[in-house]
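Architecture and fold: a report
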2 protein chains.
Amino acid sequence: MTTTGEGTDHRAPAGPPAASADLPAATVRRLPEYLRALGALSESGVETVSSETLAAATGVNSAMLRKDLSQLGASGMRGVGYDVAALATHIAGVLGLTKDSRVAIIGLGHLGQALARYPGFSDRGFDIVGLFDADPGIIGRDLDGIRVRDVALLARAVRDEGINIGVIATPGAAAQHVADLLVDAGVTSILNFAPCVLAVPQGVVVRKVDLAVELQILSFHEHHKTLGPETAQYRRTGRQSAGPEDRLRRRR
Amino acid sequence: MTTTGEGTDHRAPAGPPAASADLPAATVRRLPEYLRALGALSESGVETVSSETLAAATGVNSAMLRKDLSQLGASGMRGVGYDVAALATHIAGVLGLTKDSRVAIIGLGHLGQALARYPGFSDRGFDIVGLFDADPGIIGRDLDGIRVRDVALLARAVRDEGINIGVIATPGAAAQHVADLLVDAGVTSILNFAPCVLAVPQGVVVRKVDLAVELQILSFHEHHKTLGPETAQYRRTGRQSAGPEDRLRRRR
DNA sequence: TTCTGTGAAAAGCTTCACAGCT
DNA sequence: AGCTGTGAAGCTTTTCACAGAA
């Protein structure tokens, strides 16, 4: 996503600070991983880290990590590495995590409830400010201090409460309707857990997570393992060296 | 999004018949989507479908769909399209869904419990046969008829009960240990929801789903919303999921 | 010396455009 | 006519390999 043939030929000479907008999609996908690994390092008291070490902690190639970071405008110190704290701050800034996002979850079946209570969201700067469902049996319930409201109130809540991310955890049949409500109310970022493709206008970003799809992909690999004994080469999963760095990771 | 340990495959030298093994990773990722759309079509009574229609239902380009299917060895009828039922059967076969997989979920916090009850798993041929946790307060509980067992019993259960997929939904700190248990017991397919990179031997496929990562990617796009929305790229409604995000696009 | 930043090459993925079957 | 199957082109992502800063 967001790719442009950039990277090398930045036309205007006097390059400003450096655009962190318009990064390659593949890079953006990896930034949260880097950020998480940096957080772990920071908690261990590490102050600087080499691309090699950080790459190992995130499962990528070190050259790619360096390229990602340089595209971001971040910079390390040759011969030394990257400053853990500064880099984390920089990445958080690029990801827009400096201000908390306001999230609504629509659909509070088992999955929606689990998402509502998932500590990883609030831990990483996402405020869950609205829970909505269409089932009268669920509306009015309290989940960790947030009351579930009728989905009919969604549009107003989006506007009044500054909600800018919608998480759809409804059954597939309701998902498009909910997406329409969100989009009409002005939400332009949607995370969709329903097993269906959503139609949304340009400018609205939808990311889809389908848990069953993940299992089916595993099934494929499982099914084809018997064939080509060593034709398929799975890179990266293998450990390269019981490096001293990976054993650390304590409390989140 | 999300993925880990994808194959970088080098095809075997001479390609005899037409293997459905060794498909490009990108193709494999789309197969479950095709299958879902075919299921929906089938329920609507549709018997044949064109690549254009099926592509629209899954949010991909029709040429790509055709290429995916031909790589699979499936074939349509020129001038007509694809037989819905036959194609669904074929894809299910390639994905190895003809025999049910046996799944264990380790870690039954909110997320694990939601996964244990997620109907999309059993609906699509995944039997959840084991639930494991380390917390005595959870061990012994019954979730939809399955009793949560002590994780100390995991290895034996894997062997005795033919478990071939492990789903890790523990906190990050416990995930590597659980992965080691699974691998030692012979599991070669792991779905990891814990926010950490797992080290596993070659041959073990790990897919990672990190819900917070998805939100952070949305945050990035939300944060960088600006300029040039004048690139009509996908007709009609927008695109879906981890699709191309484009913007500047030179004309040729 | 160590380790970053980056051209250049390689690999992979997607789209185009059209030949050719039904 | 309608639609598939596919070579070729274009684009993106990854990896290599090394110049050069600290």
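Everything here concerns the structure above.
These figures come from a predicted structure and were not determined experimentally.

A few words on the overall build of chain A. Scanning chain A for helices and strands turns up 9 helices and 9 strands. Considering only intrachain contacts with a sequence separation of at least 6, the fraction spanning at least 24 residues in chain A is 52%. A total of about 11700 Å² of accessible surface is found on chain A, and carbon and sulfur atoms cover 53% of it.

Here we take up the environment of V204 of chain B. Residue and element names in this part refer to chain B. Structurally, V204 is set in the loop between strand 8 (189-192) and strand 9 (205-208). Judged by relative accessible area, V204 falls into the buried class, the value being 5%. A sequence separation of 14 residues divides V204 from I190, and the C-alpha atoms of the two residues are 7.7 Å apart.

Next up on the list: the protein's contact with DNA strand C. What surrounds DNA strand C is a group of 26 residues, the closest being S51, R66, G76, G79 and Y82 of chain A. Of what DNA strand C places within 4 Å of the protein, 64% of the atoms are sugar or phosphate. Measuring from a phosphate oxygen of DNA strand C, one finds a side-chain N or O atom of R30 of chain B at 2.9 Å. Elements represented by at least two residues in the surface near DNA strand C include exactly helix 3 (62-71) of chain A together with helix 1 (25-43) and helix 3 (62-71) of chain B. The element that contributes the greatest number of residues to the surface near DNA strand C is helix 3 of chain B, accounting for 4 residues.

This next bit is on the side chain of N164 of chain B. Along the chain, N164 of chain B falls in the loop between helix 7 (154-161) and strand 7 (165-168). Dropping the residues within four chain positions of it, N164 of chain B is found in contact with E222 of chain A together with S101, R102, V187, T188 and S189 of chain B.

Another point: the sheet that holds strand 8 (residues 189-192) of chain A. Spatially, the 7 strands line up as an open sheet ordered 5-6-4-3-7-8-9 (chain A), and their pairing is mixed. Each edge of the sheet is formed by a strand with only one pairing partner; in this case those strands are strand 5 (142-143) and strand 9 (205-208) of chain A. Across 3 bridges, the pairing between strand 7 (residues 165-168) of chain A and strand 8 of chain A is parallel. Of the residues in strand 8 of chain A, the one forming a bridge with G166 of chain A is I190 of chain A. Across the sheet, helix 9 (residues 211-223) of chain B is in contact with strand 3 (101-106), strand 4 (126-133), strand 7, strand 8 and strand 9 of chain A; its angle to strand 8 of chain A comes to roughly 160°.

Taken N-terminus to C-terminus, the directions of helix 1 (residues 25-43) of chain A and helix 9 of chain B make an angle of 120°; their axes are 9 Å apart at the nearest point. Judged by the angle between their axes, helix 1 of chain A and helix 9 of chain B are oblique. Between helix 1 of chain A and helix 9 of chain B lies a crossing whose hand is right-handed. On helix 9 of chain B, the residues that touch V28, R29, P32, E33 and L35 of chain A of helix 1 of chain A are V213, Q216, I217 and F220 of chain B. Partitioned by chemical class, the residues of the contact of helix 1 of chain A with helix 9 of chain B number 6 nonpolar, 1 polar and 2 charged.

Taken together, 25 residues form the shell around DNA strand D, and within it R30 of chain A together with S51, R66, G76 and Y82 of chain B come nearest. When atoms of DNA strand D within 4 Å of the protein are sorted by moiety, sugar and phosphate together comprise 61%. One of the side-chain nitrogen or oxygen atoms of R30 of chain A is found 2.7 Å away from a phosphate oxygen of DNA strand D. Within the side chain of R78 of chain B, an N or O atom sits 2.9 Å from a sugar or linking oxygen of DNA strand D. Contributing elements (two or more residues each) for the surface near DNA strand D: helix 1 and helix 3 of chain A together with helix 3 of chain B. When residues of the surface near DNA strand D are assigned to their parent elements, the largest contribution, 4 residues, is made by helix 3 of chain A. A breakdown of the residues in the surface near DNA strand D according to their chemical character gives 8 nonpolar, 9 polar and 8 charged.

Bringing the environment of V197 of chain A into the picture now. When you line up the elements, V197 of chain A lands in the loop between strand 8 and strand 9. Here the alpha-carbon distance between V197 of chain A and A175 of chain A, two residues 22 residues apart in the chain, equals 8.9 Å.

Calculation criteria
Residues numbered from 1 in each chain as written. Chains lettered and ligands numbered in written order. Predicted model: local features only at pLDDT ≥ 70, side-chain atom pairs only at ≥ 80, totals over all residues. Heavy atoms only, no water. Helix = DSSP H or I, 4+ residues; strand = E, 2+ residues; numbered from the N terminus. Contact = heavy atoms within 4.5 Å. Areas by Shrake-Rupley, 256 points an atom, 1.4 Å probe, with all protein chains shown as cover. Buried < 20%, exposed > 50% of the residue type's maximum accessible area, 1.4 Å probe, protein only. Near = heavy atom within 4 Å. Polar contact = N/O pair within 3.5 Å; in protein donor to acceptor, adjacent residues only side chain to side chain. Pairing = 2+ DSSP bridges. Axes fitted to C-alpha atoms, helices over the stretch in contact; angles between N-to-C directions. Parallel < 35°, antiparallel > 145°, perpendicular 65-115°, else oblique. Left-handed = near helix turned anticlockwise from the far one by under 90°. Nonpolar A, V, L, I, M, F, W, Y, C, P; charged D, E, K, R; others polar.

Keep in mind these values describe shape, not function.
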